[in-house]
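Structure at a glance
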Amino acid sequence: MSEVLLLWIGRDAPPADLLEGVRTRLVREYGISVRAVLSEERPEEAFDARRGQHSSSRILGWLSGRHPDARRVVGLTDADLFIPILTFVFGEAQLGGRAAVVSTARLGDTPRIPGEAGRIALRLQKETVHELGHTFGLLHCRDATCAMARSPSLRHVDAKTPTLCRACRARALELQENGDVHEQEEHANPDRR
Amino acid sequence: MSKKSTRILIVDDEEIVRESLSGWLEKDGYTIGTAPDGATALAMMDERPWTILLVDLKMPGIDGLEVLRRVKESWPETAVLIMTAYATVDTAVNAMKTGAFDYVVKPFDPEEVSLVVEKIVAQQALVRENVILRKALKKEYRFHDLVTKSPALLATLELAKTAAKSPSTVLVLGESGTGKELLARAIHAESPRHAKPFVAVSCAALTETLLESELFGHEKGAFTGANGRHEGKFEAANGGTLFLDEIGDISPKLQLDLLRVLEERKVTRVGGTQAVPVDVRIVAATNRDLTRAVEEGRFRQDLFYRLNVITITLLPLRERKEDIPLLVERFLEQLSSELKRDVESVSPEAMAILLAHAWPGNVRELRNVLERAIVVSDGPVLEARHLGLTLKAGEAAPAHPASLEEIERRHIASVLRQTAGNVTQAARILDIDRVTLYAKIRKYGLKRAEDGEFEPATPAR
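Starting from 1, residues in each chain are numbered consecutively following that chain's sequence as written. Labels follow written order: the first chain is A, the first ligand is 1, and so on. Per-residue local features of the predicted model are confined to residues with pLDDT of at least 70, and side-chain atom pairs are confined, for both listing and counting, to 80 or more; whole-chain, interface and lining totals are unaffected and use all residues.

**Digging into the overall build of chain A**
For clarity, the cut-off: Secondary structure elements follow DSSP: runs of H or I of four or more residues count as helices, runs of E of two or more count as strands, with numbering from the N terminus. In this scheme every C-beta is placed from the backbone, and a residue whose C-beta has 20 or more other C-beta atoms within 10 Å is buried, one with 12 or fewer is exposed, and one in between is partly exposed. Residues are defined as contacting one another if the C-beta atoms placed from their backbone atoms lie within 7 Å.
Secondary structure assignment for chain A yields five helices and eight strands. If you list the helices and strands of chain A from N to C, you get β-α-β-β-β-α-β-β-β-β-α-α-α. Burial status across chain A gives 46% buried among its 193 residues. Long-range pairs, those at least 24 residues apart, make up 62% of the contacts in chain A with a sequence separation of at least 6.

**Considering the overall build of chain B**
Along the backbone of chain B there are 19 helices and 20 strands. Sorting the 461 residues of chain B into buried and exposed places 36% on the buried side.

**Section: the interface of chain B and chain A**
The cut-off we apply is this: All residues other than Ala, Val, Leu, Ile, Met, Phe, Trp, Tyr, Cys, Pro, Asp, Glu, Lys and Arg, Gly among them, are scored as polar; the first ten of these are nonpolar and the last four charged.
Each partner contributes residues to the interface: chain B has 22 residues there, and chain A has 17 residues. Broken down by secondary-structure element, the contributors of at least two residues to the side of chain B that touches chain A are helix 1 (15–26), strand 2 (31–35) and helix 5 (110–138) of chain B. Residue composition of the side of chain B that touches chain A, grouped by class: nine nonpolar, seven polar and six charged.

**What about the pairing of strand 12 (residues 241–245) of chain B?**
All names here are of chain B. To be explicit about the condition: One bridge is not enough; two strands pair if DSSP finds at least two bridges between them.
With five of five residues buried, strand 12 lies mostly within the body of the structure. Inspection of the sheet shows strand 9 (residues 198–202) paired to strand 12 by five bridges, in the parallel sense. Among the inter-strand pairings, Ala200 is bridged to a residue of strand 12, identified as Phe243. Sheet analysis places strand 12 next to strand 15 (residues 281–286), joined by four bridges and oriented parallel. The residue of strand 15 that forms the bridge with Thr241 is Arg281.

**Quick notes on the sheet that holds strand 5 (residues 72–77) of chain A**
The strands making up a sheet are joined through hydrogen bonds of the backbone, oriented either antiparallel or parallel. All names here are of chain A. Under the convention used in this document: Axis angles are defined between N-to-C directions and span 0 to 180 degrees, where every axis is a line fitted to C-alpha atoms and, for a helix, only to the segment in contact.
In space, the five strands of this open sheet follow the order 2-1-5-8-7, with mixed pairing throughout. The two strands at the open ends of the sheet, each matched to only one other strand, are strand 2 (33–38) and strand 7 (91–93). In this sheet, adjacent strand axes meet at a mean angle of 15° when their direction is disregarded. Examined bridge by bridge, strand 1 (residues 3–8) and strand 5 share five bridges and lie parallel to one another. Bridge pairing in strand 5 links Trp8 to Leu76. Here helix 2 (residues 56–64) sits on the sheet and contacts strand 5, strand 7 and strand 8 (99–103); the angle it forms with strand 8, its principal contact strand, is near 135°.

**Considering helix 6 (residues 151–165) of chain B**
All names here are of chain B. Note the cut-off: In this analysis, the expected span of each helix is defined as 1.5 Å times one less than the number of residues it contains. The arc under discussion is defined with respect to the helix axis, by the directions toward the C-beta atoms.
Over its 15 residues, helix 6 runs 22 Å from end to end, which matches the ideal 21 Å to within 8%, given 1.5 Å per residue. Looking only at helix 6, the buried set comprises Leu153, Thr156, Leu157, Ala160 and Ala164. Buried residues of helix 6, seen end-on, are gathered within an arc of 95° and therefore sit on one face of the element. Turned more than 90 degrees from where helix 6 packs its buried face, Pro151, Ala155, Glu158, Thr162 and Lys165 sit exposed.

**Here we look at unusual backbone geometry**
For the bond from Lys106 of chain B to Pro107 of chain B, the omega torsion is -15°, close enough to zero to count as cis. By the secondary structure assignment, Pro107 of chain B is in the loop between strand 5 (102–105) and helix 5. Unlike most non-glycine residues, His67 of chain A shows phi in positive territory, near 45°. Turning to its location among the elements, His67 of chain A is positioned in the loop between helix 2 and strand 5. One non-glycine residue, Glu246 of chain B, lies in positive phi territory at about 55°. With respect to the helices, strands and loops of the structure, Glu246 of chain B is situated in the loop between strand 12 and helix 10 (252–264).

**A look at the nonpolar core**
Our working rule: Here, a nonpolar core denotes buried Ala, Val, Leu, Ile, Met, Phe, Trp, Tyr and Cys residues that are linked to one another through C-beta atoms within 7 Å.
Core analysis: the biggest nonpolar cluster contains 87 residues, and Leu6 of chain A together with Leu53, Leu54, Val80, Leu81 and Ile82 of chain B have the highest contact counts within it. When near neighbours in sequence (up to four residues on either side) are disregarded, Leu81 of chain B contacts Ile52, Leu53, Leu54, Ala100, Phe101, Asp102, Tyr103, Val104, Val116 and Ile120 of chain B. One finds Ile247, Val267, Phe299 and Ile312 of chain B within the second-largest nonpolar core, a separate group that totals 44 residues.

**Observations concerning the confidence of the model for chain B**
Residue and element names in this part refer to chain B. Our working rule: Per residue, pLDDT captures the predictor's confidence, and it can take any value from 0 to 100.
On average, residues of chain B score 85 in pLDDT, and 91% of them reach the 70 mark or higher. Taken as a whole, residues 393–399 scores under 50 in pLDDT and shows four contacts with residues more than four places along the chain or in a different chain. In this model, residues 455–461 is a region of pLDDT below 50 whose contacts with residues beyond four sequence positions or in other chains number 12 contacts. With a pTM of 0.52, the predicted complex shows an ipTM of 0.85.

Pasting the structure below:
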């Protein structure tokens, strides 16, 4: 239960060093042990033919049923993600849950363009720190440079750093010390009808 | 405002939309609720209103436009964002006409919907801040019959409130008409002695002998006319508070007698031999400069020290002009009912005069001026001519004909002078908002003089 599993579930093989870059970033930001793995399986049922995109929520469902020994399962993919109400998402996480997913699809042009691979890698680190933060219970941060700032566009992603601000870092530590909250509170929320 | 206190209700018949939108918005820290139809949404509004509603336009039963209409009717402060799968000009126009904050087409661009929600939250924070500010503006500090908005007087009244709880002697200083007796009564009412008597004595009103007998009482035959035994005010106030007004006016002999009573806590009636123990809390007041009287040998230093345990100084009205509108409002209410007249307010011109007056007689003079004005008034609004006060030189209306703009310019400059450059206060008197006043200050080139007061600049040619 001690380590976070970083799972590549993309169609193509990940660019060199991409997973390792994210892994070291997560270790540094959260002080946790992280293992990167190339998954054999793919969440095929997450593909929505009508939209031509993958449902991030369905991927989360798929991920959370796997690797029960891992503390968190973070899927990384090159598939374009969506949630039903939005045109796309960079990633999604279960708030206080155990699964998160981040995609490189909207994080830049093809990595074959010189310099672009590095940009995509950095953006992916930022978004993965962000989504994993949600699984620990962190909410969006008002500090635009904090990794937990909401990033509805690439401009927002580029405006932030891959690190947590002091307040979010303290909150992350506190949340981790108080034990992981896996139960989604919304199921007990009388205001969800 | 914390994000948690922003309550967003998502109303959509599609569960997947409710789930994905609530999951997405809750990461911002908002409190999220969901409703599958219009009826549930309205019932949830009834239970406790939500700050923002995201409503799907097409729903079975009560549709989005109807939800919007009913919400705007009963909870106008709730912002409604309409969600629609197909935006036609008609639906958009309809939604906006009915009072929707905006409408978004499904699926949303994440940035677009983030921005709209942020905009609503920011706007609502402003509305809320405005309400709080307006309340604060209206907020008056009340200590029994004393009301104020002046920070300086507020601090004084706070001190009095604290002092009231202690048994210590209080010395109230202030010009006549500033409310020294009201403060003494308030201190008594707030003290542990409030159930016991409050006895007031005006030391300046009586001759030395009469005052002596008034304070300490007398035995039968103590002096000519002393036909019976008389209990003094000290004894009458036993267990309670004795208010000695105009203490600075008492004779040297009485100063000594009073000092003795304060030291021994016992009184001996005039012509008597037996000292009666008394438990009295003293609140003394004067409009004289006691320190100077002590220096000049007119007031005993030891008595001064006895009295000067807790000193509370009441500001003259001219130093708390921000209280004038508040006092006017209160006096109008009181006097209208006392005099059985329906006077509701004063005109802006009359208020300008009231604010400009120096008030040597302080709050009492203000009350008297208003009483007179109500008596001579002929309608619900007191006009300048009812006050019987005149504007100081320099503030008089121009004798020669002037343009409307010129008069407005002079009037604004004059009100700003009266409020010592306080724009908020001036805007209140002028009954316009601050933004408008700032625009006019710019327009007329009113600038601050070196003393901080506004003055009209020479008009540009």
